[in-house]
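# Commentary on secondary and tertiary structure
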Amino acid sequence: MQGKQWYKDIAVYQIWPRSFCDGNGDGIGDLTGVLSKLDYIKDLGVDAIWFSPLYPSPNADYGYDIADYKDISPDYGTLEQFKTVIDEAHKRGLKIIMDLVINHTSDRHKWFLESKKGDDNPYHDYYFWRKGKKGAKKPPNNWRSVFQGGAWEYDKNLDEYYLHIFAKEQVDLNMDNPKVREEVKSILRFWLDLGVDGFREDVITYISKKEGLPNGFPLPVGTGMEHFTNGPHLREYLEEFRAVLDEYDCFTVGEAPMMTPKTALKFIKEDDKQVLNMMFHFQHMSADNIIHNWMRTPFNPAKLKRVYNRWQTKLYGKAWNALYLENHDQPRIISRYGSEKYRVESGKMLATMYICQSGTPFIYQGQEIGMLNANIEHIEDYVDVSTLNNYQMFKKFHLPEKFIMSLCKYASRDNARTPVQWTAEKNAGFTTADKPWFAVNPNYREINVAAAEADPNSILHYYRKLLRFRKENPIVRYGDFELLKTAAPVFAYRRRYEGKTLLVINSFSANEQDFRAPYDFNMHAADLVLSNYDTAPLVHNGFVMRPYECRVYLK
Ligand code: GLC
Ligand code: CA
């Protein structure tokens, strides 16, 4: 049996600082705002806060382009204030997790500014500078940026290209350079010594590139990612970092695009070779698309169930799952896998469906009150670099504006980045400024924290109950997982642990669905511990599921 490390018992709340809460009235979320909401976060029943980047940044990718790894952005406050946040959080029993973005730096980071000065500059080799082909007319290889366009940018002065797998303002670090790895270790120590309890490691599986940076599969499918995903030295570098992390009582969760359970086990299996404690994979976020959100397909619950079944069973007893449905990169989950019409029912069902699985749950700001997609009509009102680049790309293919905008409304990361809706007052109580940095979702008069507090049937109260249930019942964290055979839109699973059984039943349908429990589970003899309807009638050893109904039984 695997160990019972503290990171398995916690639930984590993610803050995307710019849109969380503005404390000084300049329209931008900040640490003063965070301090004012620590009790609210604690009351939710979580045990840790993960901060999306708080570092100084020119904001080409809103904080994921870091200009200084050892400071706090003046937009958010000071290092001193952050220290206060750590202390105040710790006083309340909340841990603090930093976002570690080391695949790339901002193009305004001093290392990059130095590296541009010439081939002989000591920082030149911190990045991937290469000569172009055909007399500099063509980039060094055919890799593509995740945010669209080529992955190389030409610098006239040096007559060389630099590599950027994300925006051109996010320059890939050359992790093969031992000096760069020393910098990373020094960054880790800096924050750990300040008191943080762990790291969420941004696109960590991209940090090692194949030697010689060879061409990838040709277009239109190719991006070169086979040469930089889980690259040749990834394990080795993570081992180096782990040696530092091991000196502290902290944990890591690595972001891992295209990850499968089999590959994940090479990194997170709990043996002496383990280099990360868990991974954020993306497979369950593709039940309504092909690979990424811009290739939309109808929501397919069967696909979702298959993915969960694989991750739950393949990791069980060997490694630990990171559970999430939302973050700053994902549109709001009710608008995707649930129903805006049945917002409250489907919001509670989705929460139950993922938090009752084995793993550490992550909850993204606003998710706990059932915030919805922003539905922004015009491209001028979007700010996210990946949205703007995708828009340009679709334009090049001459797709109709209306179709492109329907995709933006659906897939844009800006959906998750509107200010948190605190009250029904002006600007949703997010800021006292006239205008927040980004538009508040107009539905804030109905959907906000104050309204949710006042309504005993709210999604917010349900999250509290659900997280308390998880905390009080080890079966939710440590039980095994068995997918039950049901109608396609019903996702039911059974968990067993130390003589107890948990039955979790969720409907992804707006229509009635029949559910029948396995013959060896007598529903009449079990306790209904969670549900999203007031009544829970049974028909024989099952029931007729109402729209987006969920029930959890314990025996
Ligand atoms: C991760 C972050 C995302 C960012 C990207 C580049 O995927 O979650 O927000 O744009 O890495 O840093
Ligand atoms: Ca502010």
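Once that is clear, we can look at the side chain of Ser73. Turning to its location among the elements, Ser73 is positioned in the loop between strand E2 (48-51) and helix H4 (79-91). Accessibility expressed as a relative area gives 5% for Ser73, which makes it buried. Once residues within four sequence positions are removed from consideration, Ser73 is found in contact with Leu54, Tyr55 and Pro56.

As a further point, take the environment of Leu484. Note on placement: Leu484 falls in the loop between strand E16 (482-483) and strand E17 (490-497). Taking the C-alpha atoms as reference, Leu484 lies 10.0 Å from Asn309; in sequence the two are 175 residues apart. Here Leu484 is in contact with Ala492, Tyr493, Arg494, Leu503 and Pro518, once residues within four sequence places are set aside.

Moving on to the pairing of E2. On E2, burial covers both faces: Ala48 and Trp50 on one face and Ile49 and Phe51 on the other are all buried. Inspection of the sheet shows E2 paired to strand E3 (residues 95-100) by four bridges, in the parallel sense. Across the sheet, Ile49 pairs through a bridge with Ile96, a residue of E3. In this fold, the crossover linking E2 to E3 by way of H4 has right-handed handedness.

Our focus in this paragraph is the sheet that holds strand E18 (residues 500-507). In spatial order, the strands read E16-E17-E18-E22-E20; together these five strands make up an open sheet with antiparallel pairing. Here the strands that pair on one side only, and so sit at the sheet edges, are E16 and strand E20 (527-531). Judged from the four bridges that link them, E20 and strand E22 (residues 550-554) form a sheet pairing that is antiparallel. Across the sheet, the residue bridging to Asp527 is Leu554, located in E22. Together, E17, E18 and E22 form the strand contacts of helix H10 (residues 343-355), whose direction differs from that of E18 by roughly 140°.

Applying the stated criterion to the full structure yields 38 salt bridges. Note that Glu270 is salt-bridged to Lys8, the shortest N-O span being 3.0 Å. With a gap of 262 residues between them, Glu270 in the loop between helix H8 (261-268) and strand E11 (278-280) and Lys8 in helix H1 (residues 6-9) connect regions that are remote in the sequence. A residue is classified by how much of its surface remains accessible, and Glu270, at 22% relative accessible area, is partly exposed. Relative accessible area serves as the criterion here: at 0%, Lys8 is assigned to the buried category. Between Glu114 and Lys117 there is a salt bridge; the shortest N-O distance is 2.7 Å. Since its relative accessible area comes to 26%, Glu114 is described here as partly exposed. Ionic contacts of the salt-bridge type, sharing partners, join the residues Asp61, Asp329, Asp384, Arg413 and Arg417 into one network.

The next thing to look at is the environment of Met405. Along the chain, Met405 falls in helix H12 (residues 401-411). The sequence separation of Met405 and His378 amounts to 27 residues, and the corresponding C-alpha distance is 7.3 Å. What Met405 contacts, discounting residues up to four positions off in sequence, is Ile376, Glu377, His378, Ile379, Tyr382 and Tyr391.

This part is about the coordination of the calcium ion (ligand 2). Bound to the calcium ion (ligand 2) on the protein side are Asp22 (OD), Asn24 (OD1), Asp26 (OD), Ile28 (O) and Asp30 (OD), at distances that span 2.3 Å. Donor residues for the calcium ion (ligand 2) sit on one chain with the sequence pattern D-x1-N-x1-D-x1-I-x1-D.

Direction vectors running N to C along helix H11 (residues 385-396) and H12 enclose 155°, while the axes themselves pass 10 Å from each other. The orientation of H11 relative to H12 falls into the category roughly antiparallel. Judged by the twist between their axes, the crossing of H11 over H12 is right-handed. Along its contact with H11, which presents Thr387, Tyr391, Phe394 and Lys395, the element H12 presents Glu401, Ile404, Met405, Leu407 and Cys408.

On to the layout of surface pockets, then. Taken as a whole, the second largest pocket spans an internal volume of roughly 340 Å³. Considering only residue class, the lining of the second largest pocket consists of nine nonpolar, three polar and three charged.

A separate point is the nonpolar core. Phe82, Trp191 and Met353 are the most contacted members of the largest nonpolar core, which totals 155 residues. Not counting residues within four places of it along the chain, the set of residues in contact with Trp191 comprises Tyr55, Tyr69, Lys70, Asp71, Ile72, Leu79, Phe82, Met98, Val196 and Phe199. Core analysis: the second largest hydrophobic core is formed by 15 residues, Phe147, Trp152, Ile165 and Val203 among them.

Before going further, it helps to examine the sheet that holds strand E6 (residues 152-155). The sheet built from three strands is open, its strands ordered E5-E7-E6 with antiparallel pairing. Unpaired on one side and paired on the other, strand E5 (129-130) and E6 mark the two borders of the sheet. Taken together, the four bridges between E6 and strand E7 (residues 160-163) define a ladder with antiparallel strand orientation. The residue of E7 that forms the bridge with Tyr154 is Tyr161.

Below, the discussion takes up the site of ligand 1. Around ligand 1, the surrounding shell holds 14 residues, and the nearest of these are Asp61, Asp202, Glu255, His328 and Asp329. Here an oxygen atom of ligand 1 and a side-chain polar atom of Asp202 are 2.8 Å apart. Within the side chain of Glu255, an N or O atom sits 2.8 Å from an oxygen atom of ligand 1. When ligand 1 is considered free in solution it has 310 Å² of accessible area, and contact with the protein chains removes 96% of it. A per-class count over the shell around ligand 1 returns four nonpolar, three polar and seven charged. Here the shell around ligand 1 spans two domains, since at least three of its residues come from each of domain 1 (6-104 + 178-464) and domain 2 (105-172).

The phi dihedral of Leu213 is positive, around 45°, even though this residue is not glycine. We note that Asn375 has phi near 55°; this positive angle belongs to a residue other than glycine. By secondary structure assignment, the location of Asn375 is in the loop between strand E15 (360-364) and H11.

Assigned domains of the protein chain: these are domain 1 (6-104 + 178-464), domain 2 (105-172) and domain 3 (480-554). The gap between the C-alpha centroids of domain 1 and domain 3 is 30 Å. Counting residues at the interface gives 25 residues for domain 1, matched by 26 residues for domain 3. Summing both partners gives a buried area of about 2100 Å² for domain 1 against domain 3, and 69% of it is carried by carbon and sulfur. Area buried by domain 1 at its contact with domain 3 is led by Lys305, Met349 and Cys356, which between them contribute 29% of it. Where domain 1 meets domain 3, there are zero salt bridges. Applying the counting rule to domain 1 against domain 3 returns eight residue pairs in polar contact (both at pLDDT 80 or more). Secondary-structure elements contributing two or more residues to the side of domain 1 that touches domain 3 are helix H9 (301-315) and H10.

Calculation rules
Residues numbered from 1 in each chain as written. Chains lettered and ligands numbered in written order. Predicted model: local features only at pLDDT ≥ 70, side-chain atom pairs only at ≥ 80, totals over all residues. Heavy atoms only, no water. Helix = DSSP H or I, 4+ residues; strand = E, 2+ residues; numbered from the N terminus. Buried < 20%, exposed > 50% of the residue type's maximum accessible area, 1.4 Å probe, protein only. Contact = heavy atoms within 4.5 Å. Pairing = 2+ DSSP bridges. Right-handed = clockwise from strand over helix to strand, strands pointing away. Axes fitted to C-alpha atoms, helices over the stretch in contact; angles between N-to-C directions. Salt bridge = Lys/Arg side-chain N within 4 Å of Asp/Glu carboxyl O. Donors = N, O, S within 2.8 Å, 3.2 Å for Na, K, Ca; no water. Parallel < 35°, antiparallel > 145°, perpendicular 65-115°, else oblique. Left-handed = near helix turned anticlockwise from the far one by under 90°. 1 Å grid on protein atoms, 1.4 Å probe; cavity = no way out; pocket = protein on both sides within 12 Å on 5 of 7 lines; lining within 4 Å. Points joined across faces, edges and corners; volume = space filled by probe spheres on them. Nonpolar A, V, L, I, M, F, W, Y, C, P; charged D, E, K, R; others polar. Core = buried A, V, L, I, M, F, W, Y, C linked by side-chain atoms within 4.5 Å. Near = heavy atom within 4 Å. Polar contact = N/O pair within 3.5 Å; in protein donor to acceptor, adjacent residues only side chain to side chain. Areas by Shrake-Rupley, 256 points an atom, 1.4 Å probe, with all protein chains shown as cover. Domains from an automatic or database assignment. Buried area = accessible area lost by both parts, 1.4 Å probe.

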